[in-house]
Amino acid sequence: MLLFDKFHTGKQHFVCGNSCELKWKTMLPSIPKYAAESMAAYDSEGNLYFGCHSGMFYSLDRNGHIRWDFHTTEKNYSSPVLYKDTVIASTGDGLLLCFQKDSGDVKWLFDLKKGYYDTKEQKIVQTVLHLPFTYSVKRRMNMDTKCWSSPMLIDGKVFITAFGKGFYCIDSETGIDCWSLDLGYPRFHLSGVVADDENYIYFGSRKGEFFKYDINGGLCWNMNICGFDLWGNPTYDNKYKHILLSMSRNENKGVIMAVDKNGKRVWSLKLKGAIYGSVANDGGIGFCSDFAGFLYKIDLSDGTILQEVKLSNATRALWTTPVIDAEGSIYIVTKDSDNDGRLIKLNDSFHIVWEVKIGKSLSSPVIFENGDICVGSWDGYYYCFKTL
């Protein structure tokens, strides 16, 4: 599951060593080279599952060999979730797919954009209507990804947001729609769903609303967060019982907002740059990064910055969510230039323990029980490092 649990804490129960060396790297076949921006999930045998910018979805074994792959038509950003003998993933072309873990065979498919992108006329209308929200003048490209978010699993049900109607609860066994919500226009919704310690769920819409529902579809409350886009997936701080929202305006203004379970704003914190990742958290302390290249440590009781360090001077430098290991060390990837970047381990005082050049990377790493750490890079490789 995205960031390892339903709270999306970014906390793993394993530890990496204080030095690292390359164990293996696997080229992901594509021309030109594309990156795995999806954070991987892995099973008890060490098999990895992740999506790629090329439109491919991959499973690699513990030694980096490609077990199977599946082709979709758009870039894949979301992180998959494992359920029994299957892996469930959303795709950039607006599909929710359930694969058999061993073979990659599709067990079921749900079209998240159905009813809104079925005909040629609908495609033209929706494209034109949403250009103010999807077209980047700076990049001269239309960023019309149909699903940015990752599936979230509770009690055999998948909860997800996507282009189209907006929100769905899907049965994990059958792929049948249990209940859904029309989140309105604009329909290119960004972040996904988080759960609290009582299994209530929270998510936002592109038009600037944030919701709390029970898992059966009962609305608890909604609040207005207009003015910012909710790019980072909300996370839940189980110590102070806050939902943590990562929001940005354009690419230079970022805000973290803490909301309690009654929908009351508790605090907000302005960052030095935009934030597209989430707030990892452990024991009331949060960690996040921004486009200005800063990594932050935050007291989640009141939003005070306890420590910050600048890790990169590049434009749009830090995209991802930090990962926390069992001892409180932090792992993050950087963009240092258009082609260069690093995987870094820092201790809880933000001193760098080790760093390794892997090329520009925009996905969070995952740690195995034996201390191996794996991550994708924009040089086209998927890396595994042995730590000692």
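Scroll up for the structure.
Parameters and conventions
Residues numbered from 1 in each chain as written. Predicted model: local features only at pLDDT ≥ 70, side-chain atom pairs only at ≥ 80, totals over all residues. Heavy atoms only, no water. Phe/Tyr/Trp six-rings, centres within 6.5 Å; stacked < 30°, edge-to-face > 60°. Helix = DSSP H or I, 4+ residues; strand = E, 2+ residues; numbered from the N terminus. Buried < 20%, exposed > 50% of the residue type's maximum accessible area, 1.4 Å probe, protein only. Pairing = 2+ DSSP bridges. 1 Å grid on protein atoms, 1.4 Å probe; cavity = no way out; pocket = protein on both sides within 12 Å on 5 of 7 lines; lining within 4 Å. Points joined across faces, edges and corners; volume = space filled by probe spheres on them. Nonpolar A, V, L, I, M, F, W, Y, C, P; charged D, E, K, R; others polar.

Moving on, we come to the packing of aromatic side chains. Going through the model one piece at a time under the given rule, you end up with 36 aromatic pairs. Arranged with centres 5.2 Å apart and planes meeting at 40°, the rings of tryptophan 68 and phenylalanine 99 form a pair that is tilted. One end of the pair, tryptophan 68, is in strand β5 (residues 66–71); the other, phenylalanine 99, is in strand β8 (residues 95–100), and 31 residues separate them in sequence. Under the relative-accessibility criterion, tryptophan 68 is labelled buried at 7%. Given the relative accessible area of 1%, phenylalanine 99 is considered buried. In textbook terms, an aromatic cluster arises when at least three aromatic residues are bridged by ring pairs, as seen for Tyr77, Trp148, Trp231, Tyr276, Phe291 and Trp319.

The next subject is the pairing of strand β23 (residues 265–270). Residues in a regular strand point their side chains to alternate faces of the sheet. Here 5 bridges tie strand β22 (residues 253–260) to β23, and the two strands are oriented antiparallel to one another. Residue pairing in the sheet places alanine 258 in a bridge with tryptophan 267 of β23. Between the antiparallel neighbours β22 and β23 lie 4 residues, among them glycine 263 with a positive phi of about 85°.

Picture a little ball the size of a water molecule; that probe, rolled over the atoms, points out where space is still empty. Volume-wise, the largest pocket comes out at about 950 Å³. Considering the residues around the largest pocket, the lining is formed by 41 residues, among which Glu37, His53, Tyr77, Trp148 and Trp319 are closest to the centre. Only β11 (141–142) and β20 (229–237) provide two or more residues apiece to the lining of the largest pocket. Per element, the largest residue contribution to the lining of the largest pocket is 3 residues, and it comes from β20. Across the lining of the largest pocket, the residue classes break down as 14 nonpolar, 18 polar and 9 charged. Estimates place the volume of the second largest pocket at around 460 Å³. If you go around the second largest pocket, you meet 20 residues; those closest to its centre are Phe133, Tyr135, Ser136, Trp231 and Tyr276. When residues of the lining of the second largest pocket are traced back to their parent elements, those giving at least two are α2 (131–134), β10 (135–136) and β20.

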